Amino acid sequence: MGLTATETARATTSGAARVLAIDAGNSKTDVAVVTAGGEVLATARGGGFRPPAVGVAAALDALAEPVARAFADAGVRSVDHVSACLANADLPVEEEQLAAALRARGWAPSVEVRNDTFAVLRAGVAEPRGVAVVCGAGINCVGMRPDGRTARFPAVGRISGDWGGGWGLSEEALWHAARAEDGRGEPTALSRTLPAHFGLTTMYALIEALHLEHVEQHRRHELAPVLFATAAEGDAVARSLVTRLAEEVTVMATVALTRLDLLAEETPVLLGGSVLTAGHPQLNDIVRALLAARAPKATPRVVTAGPVLGAALLGLDRLGADAQAQGRARGYWEPGTG
């Protein structure tokens, strides 16, 4: 539940109400305390938010550390509303569970939890209207309209139909490279470039190193940039994987636009996450070409603003803050735009 009408009116007119904005990803967390007038009172950064790995209680304990620092710097002990965009809040039921757990911390009487992809979307638009596709370690897509309608996917891996993301691309690249080296698959330079990244000379050596954990499993994500570099050199197999990712990005965006009845309207399609913001020419060019063919009214652009801005703007939306307040908050994270 959000603020009541009376609380919202009082908070907005006084400018004193505060939002605790949280963008918690797998690797890092950013928090900010923001007034209803859009003034940023304090910010802090913490570690990753990983309830599936450590449990909800431990994940919230880790989150409490940057929140405590931000509260201390802002000179407050609590706020009026928590706007939290969290990794691993993939299903509505998970959002509800995490919202209840956050409410129990006593940071605010009003709490709203969304998947962290919503933060990327809101950071990239002037109003809560559009579609965002995020491709980092994984891949996800959400859409929203000002009337509160949303479109989303479960985005929990292959069981929910997902393909792509840096981790998935690395797995695909390894699969093709292994088969190329032993003769089961099409030749590809990936059989050379992937092991070379770890100072090895063959895929056999890399397979052994990964299997015996001489190369730690989490380092597989380092192979996604190697895949893109190999594709840029013209390797057919690598290029086919980049093309497939572009197809997936386009399909997700088009489906979300269709669900929200936005396919025939000028609508921003925001591209975020480390893979989509890295400036890979082949990937970006194909995504734009496919969107132009399938969703001609869509206007794709890359989001570079920090997602915590999106969490703050979603919180200000809940307070009913005006455009001036939202512009003031945006100007903090994007100087010259407020």
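Just so you know, these numbers come straight off a predicted model, no measurement behind them.

Enquirer: Which parts of the structure should I look at to understand unusual backbone geometry?
Expert: Backbone geometry follows two general trends: most residues other than glycine have a negative phi, and most peptide bonds adopt the trans configuration. The phi torsion at Ala155 lies on the positive side, around 55°, for a residue other than glycine. Mapped onto the elements of the fold, Ala155 is located in the loop between strand E8 (150–152) and helix H6 (165–182). Residue Ala155 is classed as buried on the basis of its relative accessible area, which comes to 13%. Phi angles above zero are rare outside glycine, and Glu213 is one such case at about 60°. Relative to the helices and strands, Glu213 is located in the loop between helix H8 (203–211) and helix H9 (223–232).

Enquirer: Any chance you could explain the packing of aromatic side chains here in plain terms?
Expert: Aromatic ring pairs are reported here in terms of the distance separating the ring centres and the angle at which the planes meet. Taken as a whole, this structure holds one aromatic pair when the rule is applied. Seen in terms of ring centroids, Tyr332 and Trp333 are 5.0 Å apart; in terms of plane orientation they differ by 80°. Their pairing is edge-to-face. A relative accessible area of 43% means that Tyr332 is categorised as partly exposed. A cation over an aromatic ring shows up here: Arg114 above the ring of Phe118, its NZ or CZ 5.1 Å from the ring centre. Taking the ring centre of Phe153 as reference, the NZ or CZ of Arg259 above it sits at 4.7 Å.

Enquirer: What is the right way to look at the confidence of the model for the protein in this model?
Expert: Interpretation of the predicted coordinates at a detailed level should be avoided for regions scoring low in pLDDT. Scored by pLDDT, the protein comes out at a mean of 93, with 95% of its residues at no less than 70. Per-residue pLDDT stays below 50 along residues 5–15; that stretch engages in 13 contacts with residues further than four places along the chain or on separate chains.

Enquirer: Looking at this model, I keep getting lost on helix H13 (residues 323–333). Mind explaining?
Expert: Because each turn of an α-helix spans 3.6 residues, side chains separated by three or four positions in sequence point in the same direction. Among the residues of H13, Ala325, Gln326, Gly327, Ala329, Arg330 and Gly331 are the ones counted as buried. Against the buried residues of H13 lie helix H5 (117–123) and helix H12 (307–319).

Enquirer: Can you walk me through the sheet that holds strand E10 (residues 298–302) in this structure?
Expert: Note: strands within a sheet are paired through backbone hydrogen bonds, in either parallel or antiparallel orientation. Strand order in the open sheet formed by five strands is E8-E7-E6-E9-E10, and the pairing between neighbours is mixed. Each edge of the open sheet is held by one strand with a lone partner, namely E8 and E10. Pairwise comparison of adjacent strand axes, ignoring direction, gives a mean angle of 15° for this sheet. Across six bridges, the pairing between strand E6 (residues 130–135) and strand E7 (residues 139–144) is antiparallel. Looking across to E7, one finds that Gly130 is bridged to Met144.

Enquirer: Please explain the side chain of Thr250 as it appears in this structure.
Expert: Relative to the elements of secondary structure, Thr250 occurs in helix H10 (residues 236–259). Its relative accessible area of 0% is what places Thr250 among the buried residues. Excluding residues that lie within four positions of it along the chain, Thr250 makes contacts with Val287, Leu290, Leu291 and Arg294.

Enquirer: It is not clear to me how the side chain of Arg114 should be interpreted in this structure. Could you clarify?
Expert: Within the fold, Arg114 resides in strand E5 (residues 110–115). Arg114 sits in the buried class, given a relative accessible area of 17%. A distance of 3.5 Å separates the side chain of Arg114 from the side chain of Glu112, its partner in a polar contact.

Enquirer: What's the story with the layout of surface pockets in this structure? I'm lost.
Expert: Empty space among the atoms becomes visible once a probe the size of a water molecule is rolled across them. The computed volume of the largest pocket comes to approximately 1600 Å³. Looking at the largest pocket, it is lined by 50 residues, and the ones nearest its centre are Asn26, Gly136, Ala137, Gly138 and Ile139. Broken down by element, the lining of the largest pocket gets its largest block of residues, five residues, from H6. Here the lining of the largest pocket is composed, by residue class, of 19 nonpolar, 22 polar and nine charged.

Enquirer: Where do I start with the nonpolar core in this structure?
Expert: Considering soluble globular proteins, one finds that nonpolar side chains tend to be buried as a cluster. Formed by 49 residues in total, the largest nonpolar core has its most connected members in Val133, Leu190, Leu194, Leu245, Val249, Val269 and Leu283. With 11 residues, H10 is the largest single contributor of residues to this core. If near-sequence neighbours (up to four positions away) are discounted, Leu283 is found in contact with Phe228, Val242, Leu245, Ala246, Val275 and Leu276. In this structure, Val134, Leu270, Ala321 and Ala329 belong to the second largest nonpolar core, which totals 31 residues.

Enquirer: What is the right way to look at the sheet that holds E5 in this model?
Expert: If you trace the five strands from one edge of the open sheet to the other, you get E3-E2-E1-E4-E5, paired in mixed fashion. For this open sheet the edge positions go to strand E3 (40–47) and E5, each flanked by a neighbour on one side alone. Going from strand to strand, the sheet's axes swing by 15° on average, the running direction of each strand aside. Sheet topology places strand E1 (residues 18–24) next to strand E4 (residues 81–86); six bridges connect them, and they run parallel. Its bridge partner lying in E4, Ala24 is registered against Leu86. Against the sheet, helix H4 (residues 92–104) engages E4 and E5, with an angle of about 145° to E5.

What counts, and where the lines are drawn
Residues numbered from 1 in each chain as written. Predicted model: local features only at pLDDT ≥ 70, side-chain atom pairs only at ≥ 80, totals over all residues. Heavy atoms only, no water. Helix = DSSP H or I, 4+ residues; strand = E, 2+ residues; numbered from the N terminus. Buried < 20%, exposed > 50% of the residue type's maximum accessible area, 1.4 Å probe, protein only. Phe/Tyr/Trp six-rings, centres within 6.5 Å; stacked < 30°, edge-to-face > 60°. Lys NZ or Arg CZ within 6 Å of the ring centre and 35° of its normal. pLDDT = per-residue confidence, 0-100. Contact = heavy atoms within 4.5 Å. Pairing = 2+ DSSP bridges. Axes fitted to C-alpha atoms, helices over the stretch in contact; angles between N-to-C directions. Polar contact = N/O pair within 3.5 Å; in protein donor to acceptor, adjacent residues only side chain to side chain. 1 Å grid on protein atoms, 1.4 Å probe; cavity = no way out; pocket = protein on both sides within 12 Å on 5 of 7 lines; lining within 4 Å. Points joined across faces, edges and corners; volume = space filled by probe spheres on them. Nonpolar A, V, L, I, M, F, W, Y, C, P; charged D, E, K, R; others polar. Core = buried A, V, L, I, M, F, W, Y, C linked by side-chain atoms within 4.5 Å.

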